[in-house]
Amino acid sequence: MKNKIIETQDSFNIIDGSKAPIKAWVKGVYVEDHALAQIGNIADLPFIYKHVAIMPDVHVGKGATVGSVVATDKAIVPAMVGVDIGCGMMATRTSLSASDLPDNLFALRTAIEEAVPHGRTDNGGRNDRGAWGNPGEDIDAAWMGLEPGYKKICDKHPKIFHKQNYKHLGTLGTGNHFIELCIDENQAIWIMLHSGSRGPGNAIGQYFISLAKEEMKRYFINLPDADLSYLPEGTNYFKDYIEALHWAQNFARTNREVMMNAVIKALKKTKLLPKFETDLEAVNCHHNYVARENHFKHPVWVTRKGAVNAEKGRLGIIPGSM
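Summary of the structure given here. Because the structure is a prediction, the values reported are computed rather than measured. In this convention, every chain numbers its residues from 1, walking through the sequence in written order. For a predicted model such as this one, the threshold for reporting local features is a pLDDT of at least 70, and the threshold for listing and counting side-chain atom pairs is 80 or more; totals across whole chains, interfaces and linings nevertheless cover every residue. Excluded from the side-chain calculation are hydrogens and water; included are all heavy atoms of the structure.

**Let's talk about the pattern of salt bridges**
Inference 1: By convention in these notes, a salt bridge is any Lys or Arg side-chain nitrogen within 4 Å of a carboxyl oxygen on Asp or Glu. Here the structure, examined in full by the defined rule, presents 14 salt bridges.
Inference 2: The shortest N-O distance in the salt bridge between K156 and D240 comes to 3.5 Å. One end of the pair, K156, is in helix α4 (residues 137-156); the other, D240, is in helix α6 (residues 236-270), and 84 residues separate them in sequence.
Inference 3: With relative accessibility at 38%, the residue K156 sits in the partly exposed group.
Inference 4: Where R218 meets E215, a salt bridge forms, and the shortest distance between an N and an O atom there is 3.1 Å. With R218 and E215 both in helix α5 (residues 198-218) and three residues apart, this pair spans about one turn of that helix.
Inference 5: A residue is classified by how much of its surface remains accessible, and E215, at 10% relative accessible area, is buried.
Inference 6: Overlapping salt bridges bring together K152, K156, D240 and E243 as one network. Secondary structure elements are defined from DSSP: runs of H or I of at least 4 residues count as helices, runs of E of at least 2 residues count as strands, and each element is numbered from the N terminus. For the exposure calls, accessible area comes from a 1.4 Å probe over protein chains only, and a residue counts as buried if that area is under 20% of its type's maximum, exposed if over 50%, partly exposed in between.

**Looking at unusual backbone geometry**
Inference 1: In this structure, F296 is a non-glycine residue whose phi angle is positive, near 55°.
Inference 2: For F296, a relative accessible area of 56% puts it in the exposed group.
Inference 3: One non-glycine residue, K297, lies in the positive phi region at around 60°.
Inference 4: Mapped onto the elements of the fold, K297 is located in the loop between β11 (281-295) and β12 (298-305).

**So, the pairing of β12**
Inference 1: Most of β12 is tucked away: six of the eight residues are buried.
Inference 2: Pairing between strands is defined by DSSP: at least two bridges between the two strands are required. Pairing of strand β5 (residues 66-72) with β12, which is carried by five bridges, proceeds in the antiparallel orientation. Directly across from V70, in β12, lies its bridge partner T303.
Inference 3: As defined by bridge partners, β11 adjoins β12 across eight bridges and the pair is classed as antiparallel. Among the inter-strand pairings, Y289 is bridged to a residue of β12, identified as R304.
Inference 4: Hairpin connection from β11 to β12: two residues lie between these consecutive antiparallel strands, with F296 at a positive phi of about 55°.

**A short note on the nonpolar core**
Inference 1: Of all hydrophobic cores here, the largest spans 29 residues; its most connected members are I204, F208 and W247.
Inference 2: When residues of this core are traced back to their parent elements, those giving at least two are α4, α5 and α6.
Inference 3: Not counting chain neighbours up to four residues away, the residues in contact with W247 comprise W143, L146, G149, Y150, I153, P200 and I204.
Inference 4: For this analysis, a nonpolar core means a set of buried residues of the types Ala, Val, Leu, Ile, Met, Phe, Trp, Tyr and Cys, connected via side-chain atoms within 4.5 Å. Core analysis: the second largest hydrophobic core is formed by 25 residues, I48, V58, A75 and Y230 among them. Any two residues having at least one pair of non-hydrogen atoms within 4.5 Å are treated as being in contact.

**A closer look at α5**
Inference 1: A helix's residues, less one, multiplied by 1.5 Å, set its expected span. Helix length check: α5 (21 residues) gives 30 Å between terminal C-alpha atoms against 30 Å at 1.5 Å per residue, within 8%.
Inference 2: One or two residues past the end of α5 sits F220, with phi positive at roughly 55°.

Here's what the structure looks like:
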């Protein structure tokens, strides 16, 4: 096997055998061979900056492992971000305590399910229960801020257009996306949810992943995995991808905010809970995204795939329910 984990005295291990160093926080963690191979393929890319960082929950993903943080210089790998661009978490602390909850939570759960479209039916068609049939004023108002940017990127690349676009705003989706009530160590009730950029973000991701693969063919660039196809900075496709990526990340963040507001309203409407406030503390963070950041005094593109920004002073969420 090309890559092997070397024990170190630091808080992480070094995975040896690649061009760029790999720092992996995996002491005592089993990492499958397929994941090690993917990590090695990432580290062999010519534009990796400094090192690749691997999280303790690392596992196989499409092209790149989930649970990795990769800084790149003058290039981005669209598949490293994936198709659920901006996927992430939002949590809001309420003034409620655990003792305020009713003994039977069925009615609260039902209220949440009725307030937020979830799942997927009708193959995503007109009768899909996971999309709005008739979006309300809240959805229309939120979409107004997103629509101009969406029209701009779709005019450049019509294949990005997703028929449900704003009807997916304020919806949960499928897979491991969820909404839940949590109790913290002080018995305070939090509302937490997990979702991303839904159909519009998926269409953007799929399109640029395919585009990057075509670019590799056009320039006769051979990679160990086609899903590591990249877009070089300075090209039109790179610029358009960054524009579409940022729009999708904004959609994802807005999507979570709209759902959170809908859940709060639904819980209050049940009258099963005492009057409560929700402006105490809130976190809204991506864990599947790209950001322009400065590291080691150098501007780079940082892709976090299944990882959050843990810089000092920044709150993040690592959900146990996933």
